[in-house]
Amino acid sequence: MKNTICVIPARYASSRFPGKPLADICGKPMVWWVYQEAKKLTDVCGVYVATESPLLLRECQKMGLEAILTADTHASGTDRVAEVARSIKADWYLVWMGDEPLIKAQEVAELLSKARTKAGYEAYMLAKTFDNPVDVVNPTTIKLALNKHQELVFMSRSCIPFPKSALHYCYYKNIGAYLMSARALEFFARTEVGDLECIEDIELLRLLENHKKIYVSVLEDCVSMSVDTPKDLQRVVKIIESSMSSNTTESKAQNNHRFSSFGGGVNRYTLTRQNVESRIANLDSKGDLESSLVSRESTSPSGVPDALTPSRVLDSKKLPVCTRSGGNGGLAHIADTQVLLRKTCNKIIRRAA
């Protein structure tokens, strides 16, 4: 959507989990994970962390995250975003809670897409069905009641609706990302807390109590969990570790079967594993393998394209797919390539994986 900014409320002085935004998840603070996903959105003009903590502000700046210091008196994340809206003007404000590190950019992009196609609402939010039955009775998770138009009817920490006459109902939970128009956000900021919001302690009830319509986009396949306690953090860490391990295994499997070529024109070609092994065997039989090796200083993939820098020779003879780029003799690496063959000089260049 045009003229939309994303604000990530991140309260450092959390009553249940002090310092929560900087809690470590696989070597990075939780707020870092949220910010990196938000930066992938192409429909937002900017991403900002909004916090009441000078310490968190400094840490965000060290990590290269844009952050804004707000008052420490705000009762909710939406109130914090409303303060940001007074200094950074936009038509829409995407509120992405800083304790929701499992939400993915493509899921939030779905919310922005619904806002374009489902006009007439001043707020849009994400939801999903509960995966764990225990969470349905957990008061820290917010349950949603929707009508047949996927409009929000009510939000509660209780189990709603109550299954008196039917058991087939799907229970919906809110996901900590929602979109508000500038007008709705301004209304929220100048409107007093109502009875329902006060009882349930759910800020978006302020809109429902004042007849503001909210559209709910229900995601079919989504992993979401708000980090409210250290125990929640442990569950999130396990999920992210599992995801990282799965992605690494899949990537290695794909690389073992990948054949790629780079460059263009008549010099474009791809060398398969067999081609390179054959060339190695020929050089070995002539006894000039070592003289044909050009070693390199850098062991990182970024150092591969320049084939003229001296370095050390490795003993490994693993031969993943190798390739050459363009007609100038430059090189391009593929994943964990350890041996690169340069056609223009017929030299084998080795580097550490």
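Look a little higher up for the structure.
A few points on the structure. (Residues numbered from 1 in each chain as written. Predicted model: local features only at pLDDT ≥ 70, side-chain atom pairs only at ≥ 80, totals over all residues. Heavy atoms only, no water.)

**Remarks on the overall build of the chain**
Operational definition: Numbering goes from the N terminus for both helices and strands, where a helix is a DSSP run of H or I of at least four residues and a strand is a run of E of at least two. For every residue, the accessible area obtained with a 1.4 Å probe (protein chains only) is divided by the maximum for its type, and the residue is called buried under 20%, exposed over 50%, and partly exposed between those limits. Contacts are residue-level and defined by heavy atoms, with any inter-residue pair within 4.5 Å sufficient. All accessible areas in this document rest on Shrake-Rupley with a 1.4 Å probe, and a residue is counted as covered only by the protein chains that are shown.
Counting secondary structure elements, the chain contains 10 helices and 17 strands. Burial statistics for the chain: of 353 residues in total, 49% are counted as buried. Pairs at least 24 apart in sequence give 64% of the contacts found in the chain among residues at least 6 apart. Summed over all atoms, the accessible surface of the chain reaches about 18200 Å², with 51% contributed by carbon and sulfur.

**Observations concerning the nonpolar core**
As a reminder of what qualifies: Residues belong to one nonpolar core when they are buried, are Ala, Val, Leu, Ile, Met, Phe, Trp, Tyr or Cys, and are joined through side-chain atoms within 4.5 Å.
Counting 36 residues, the largest nonpolar core has M125, L144, L152, M155, M180 and L207 as its most contacted members. Residue contacts for L207: discarding those within four places in its chain leaves A123, M180, A184, F187, F188, K212 and I214.

**Here we look at the layout of surface pockets**
Threshold: Buriedness for pockets is judged along seven lines, at least five of which must meet protein on both sides within 12 Å for an open set on the 1 Å grid over protein atoms alone, while cavities are sets there where a 1.4 Å probe fits but cannot get out, and lining residues have an atom within 4 Å of a point. Grid points are joined across faces, edges and corners, and a volume is the space filled by probe spheres set on the points.
The space that makes up the second largest pocket amounts to roughly 380 Å³. Of all elements in the fold, only α1 (30–38), α4 (105–117) and α9 (230–255) reach the threshold of two or more residues within the lining of the second largest pocket. The greatest single-element share of the lining of the second largest pocket, amounting to 5 residues, is contributed by α9.

**Quick look at the packing of helix α3 (residues 77–87) against helix α6 (residues 182–190)**
Each pair of packed helices can be described by the angle between their axes along with the distance between the axes. So the rule is basically this: Structural elements are reduced to axes, namely lines fitted to C-alpha atoms, with helices fitted over the stretch in contact, and the angle between N-to-C directions of any two is expressed from 0 to 180 degrees. Throughout, a crossing is termed right-handed when the near helix is turned clockwise from the far one, and left-handed when it is turned anticlockwise from it by less than a right angle. Residues are sorted three ways: Asp, Glu, Lys and Arg are charged, Ala, Val, Leu, Ile, Met, Phe, Trp, Tyr, Cys and Pro are nonpolar, and all the rest, Gly among them, are polar.
Running from amino to carboxyl end, α3 crosses α6 at an angle of 115°, the nearest separation of the two axes being 9 Å. When you trace α3 past α6, the crossing you get is left-handed. On α6, the residues touching T78, D79, V81, A82 and A85 of α3 are L185, F188 and A189. For the contact of α3 with α6, the residue count by class is 6 nonpolar, 1 polar and 1 charged.

**Some thoughts on the packing of aromatic side chains**
This is how it is decided: We call Phe, Tyr and Trp rings a pair once their centres come within 6.5 Å, taking the six-membered ring for Trp, and we label the pair stacked below 30 degrees between planes, edge-to-face above 60, and tilted otherwise. Counting as a charge over the ring demands two things of the Lys NZ or Arg CZ atom: a distance within 6 Å of the ring centre and an angle within 35 degrees of the ring normal.
The full count for this structure, using the stated rule, is 7 aromatic pairs. Ring centres 6.2 Å apart and planes at 85° place the aromatic pair Y169 and Y172 in the edge-to-face group. The class of Y169 is partly exposed, set by a relative accessible area of 31%. When the ring centre of W32 is taken as origin, the NZ or CZ atom of K28, which lies over that ring, is 5.1 Å away. The ring of F188 carries the charged tip of R206 above its face, separated from the ring centre by 3.8 Å.

**Comments concerning the pattern of salt bridges**
As a reminder of what qualifies: Criterion for a salt bridge: a side-chain nitrogen of Lys or Arg within 4 Å of a carboxyl oxygen of Asp or Glu.
As enumerated under the stated definition, the model contains 12 salt bridges in all. E122 is paired through a salt bridge with R183; the nearest N and O atoms lie 3.1 Å apart. Taken as a pair, E122 in the loop between α4 and β7 (123–129) and R183 in helix α6 lie far apart in primary sequence, 61 residues in all. Residue classification places E122 among the buried positions, given a relative accessible area of 16%.

**A word on unusual backbone geometry**
The omega torsion of the bond from I160 to P161 falls at -15°, within 30 degrees of zero and hence cis. Phi is positive for C26, close to 55°, though the residue is something other than glycine. You can see C26 is positioned in the loop between β2 (24–25) and β3 (28–29). Overall, C26 belongs to the partly exposed group, its relative accessible area being 29%.

**Some details on the environment of I214**
Inspection of the secondary structure puts I214 in strand β11 (residues 214–219). For I214, a relative accessible area of 1% puts it in the buried group. Sequence separation between I214 and A123 is 91 residues, and the spatial gap between their C-alpha atoms is 4.9 Å. Not counting chain neighbours up to four residues away, the residues in contact with I214 comprise Y121, A123, Y124, M125, Q150, E151, L152, L204, L207 and L208.

**Section: the environment of N138**
As for its position among the elements, N138 is in the loop between α5 (133–136) and β8 (143–146). Between the C-alpha atom of N138 and that of R157, which follows or precedes it by 19 residues, the distance is 7.5 Å.

**Looking at α6**
Applied cut-off: The directions from the helix axis to the C-beta atoms form the arc being described.
Of the positions making up α6, those classed as buried are A184, L185, F187 and F188. The buried residues of α6 occupy an angular sector of 160° when projected down its axis, which confines them to one face. Projecting away from the buried face of α6 at angles above 90 degrees are the exposed residues R183, E186 and R190. Its buried side turned inward, α6 meets α3, β6 (92–96), β10 (172–181) and α8 (205–208).

**Details of the pairing of strand β4 (residues 46–51)**
Note the cut-off: Here a strand pair is declared whenever DSSP counts at least two bridges between the two strands. With the strands pointing away from the viewer, any crossover whose connection runs clockwise from the first strand over the helix to the second is right-handed.
Summarising burial for β4: 6 of the 6 residues are buried, a large majority. Side chains G46, Y48 and A50 project from β4 onto one buried face, and the interleaved V47, V49 and T51 project onto a second face that is buried too. Across 3 bridges, β4 lies against strand β5 (residues 67–69) in parallel orientation. By the bridge assignment for β5, A50 is matched with I68. Considered for its hand, the β-α-β crossover made up of β4, helix α2 (residues 54–62) and β5 is right-handed.

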